[in-house]
Structure formats: C-alpha cells, structure tokens
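Coordinate inspection notes
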Amino acid sequence: MSDKSTDCFAKSYSSIDELRADYENNGFVSIKGLIPIAKLEAVQNDLTETFVEFAVDKDAPIDSAIVELDKTNKQLLYELHMATTKLISLRSIFSLFADVVVDLASSQTPIYEISGGYLLGIPKDKRLVYDFHQESNYMREFKSIFNFHFPLLRKSSRHNGTMSV
C-alpha cells in the first residue's frame, strides 16, 4: 500500500468526474453508501427465510445452516446456493452497479453482465475459499471487465476477507 493509505477507504463522491479520476488513478474505487442499508437487509431477510429451516442456531440462521448443510447435505446446500443467487433482492443491488459501470465506461459500446452472485463462507472449505484473490480478465471474449465486491452480512474489514487492493 502506498503512502496514500487513506485512499483505500470507502469514499463519498460528489461528481462523476471525481469518481472517474479516482478510478483512473487507482484502478479501483470504493464507494461509500452506494448500497442502501434497506437493500442489504432485504437480501439478508431473503437468505434467512431460505436457510432458517436448516439452522441449528436460530440466532445465526444463515451461518449455522450453511455449516450444517455442508456437513450433512452438500447437494441441498448447492441447490439452495444456486437458487439464492437469483434472488430479486440480490439482483436489485447489481442494478446499482450497472449505473457505476455506465459512469466509468470509457466507450459507448454495449455493456454486458457476464456473472453475478455470492460465495458461501464455509469455514476451512477448500472448494469455495481462496487464500489469494486476483481480479483478472480470463474471459477472452471480453476486452475489459469491471468487478464489484460488497459486504453482504457483515461490515468488511482487513480481518474478515474484504477485497484487497
């Protein structure tokens, strides 16, 4: 990290020009308050509703259901995960990102969403947990890509796997 370490913290932008300038200078932006809390809560509520019947800890229904299903029924966990990636509440957050892409895109060519979803946080899982993370364009059909990361259930920090720059 450079001497400008405070540049890596989320920031409120007062103009598209300021947003673009940070993106051009840093290769990323971290936008404070882009996702309204109510939208995050809607996703959390939908996930809770989906996973609660499998929860062993009703105070932590999503976490405990995921851990329990990983032990007892991986196929059902997979099916529930695939289904919940299609939640309208989750997709409504992705639409906010579309506005940012349009603001940052340097050309007027069509923009495509090629993927969207979330990863389950399964402790000590070798399938879905990475000990590094690199954002690169491995999709040959696309010249450039934008990636978005956001905390869904907990505030992100350096200690809980937030995206690194």
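Description of the structure in this document. Keep in mind that this is a model prediction, so the values were computed, not measured.

1. Here's the deal with the pattern of salt bridges
Side chains that differ in charge, positive against negative, can pair when their charged atoms come close. The tally for this structure, following the rule as stated, stands at 5 salt bridges. Among the ionic pairs, Asp-22 bridges to Lys-11, the shortest N-O distance being 2.9 Å. Of this pair, Asp-22 sits in helix α1 (residues 16-26) while Lys-11 sits in the segment before α1; the two residues are 11 residues apart in sequence, bridging distant segments of the chain. On the accessibility criterion, Asp-22 (15% relative accessible area) is buried. Here Arg-91 makes a salt bridge to Glu-113, at a shortest N to O gap of 3.0 Å. Highlighted residues: Arg-91 in helix α5 (residues 88-104) and Glu-113 in the segment after α5, separated in sequence by 22 residues. Among the residues examined, Glu-113 registers a relative accessible area of 53% and is labelled exposed.

2. Describing the nonpolar core
Leu-47, Phe-51, Ile-66 and Leu-77 are the most contacted members of the largest nonpolar core, which totals 22 residues. Secondary-structure elements contributing two or more residues to this core are α2 (37-51), α3 (61-72), α4 (74-84) and α5. Beyond its immediate sequence surroundings of up to four residues, Leu-47 is in contact with Ile-62, Thr-84, Leu-87, Tyr-118 and Leu-152.

3. A look at α4
If you check which residues of α4 are buried, you get Leu-77, Leu-80, His-81 and Thr-84. Projected down its long axis, α4 shows its buried positions confined to an angular sector of 100 degrees, all on one face. Residues of α4 that are buried in the fold lie against α2, α3 and α5.

4. Quick notes on the packing of aromatic side chains
What the rule picks out here adds up to 4 aromatic pairs. On the basis of an interplanar angle of 5 degrees and a centroid distance of 4.5 Å, the ring pair of Phe-97 and Phe-148 is categorised as stacked. Of this pair, Phe-97 sits in helix α5 while Phe-148 sits in the segment after α5, and the two are 51 residues apart along the sequence. According to the relative accessible area criterion, Phe-97 is buried, its value standing at 7%. The exposure class of Phe-148 is partly exposed, given its relative accessible area of 31%. Ring pairs connect the aromatic residues Phe-94, Phe-97, Phe-148 and Phe-150, which therefore count as one cluster.

Basis of the calculations
- Residues numbered from 1 in each chain as written.
- Predicted model: local features only at pLDDT ≥ 70, side-chain atom pairs only at ≥ 80, totals over all residues.
- Heavy atoms only, no water.
- Salt bridge = Lys/Arg side-chain N within 4 Å of Asp/Glu carboxyl O.
- Helix = DSSP H or I, 4+ residues; strand = E, 2+ residues; numbered from the N terminus.
- Buried < 20%, exposed > 50% of the residue type's maximum accessible area, 1.4 Å probe, protein only.
- Core = buried A, V, L, I, M, F, W, Y, C linked by side-chain atoms within 4.5 Å.
- Contact = heavy atoms within 4.5 Å.
- Arc of directions from axis to C-beta.
- Phe/Tyr/Trp six-rings, centres within 6.5 Å; stacked < 30°, edge-to-face > 60°.

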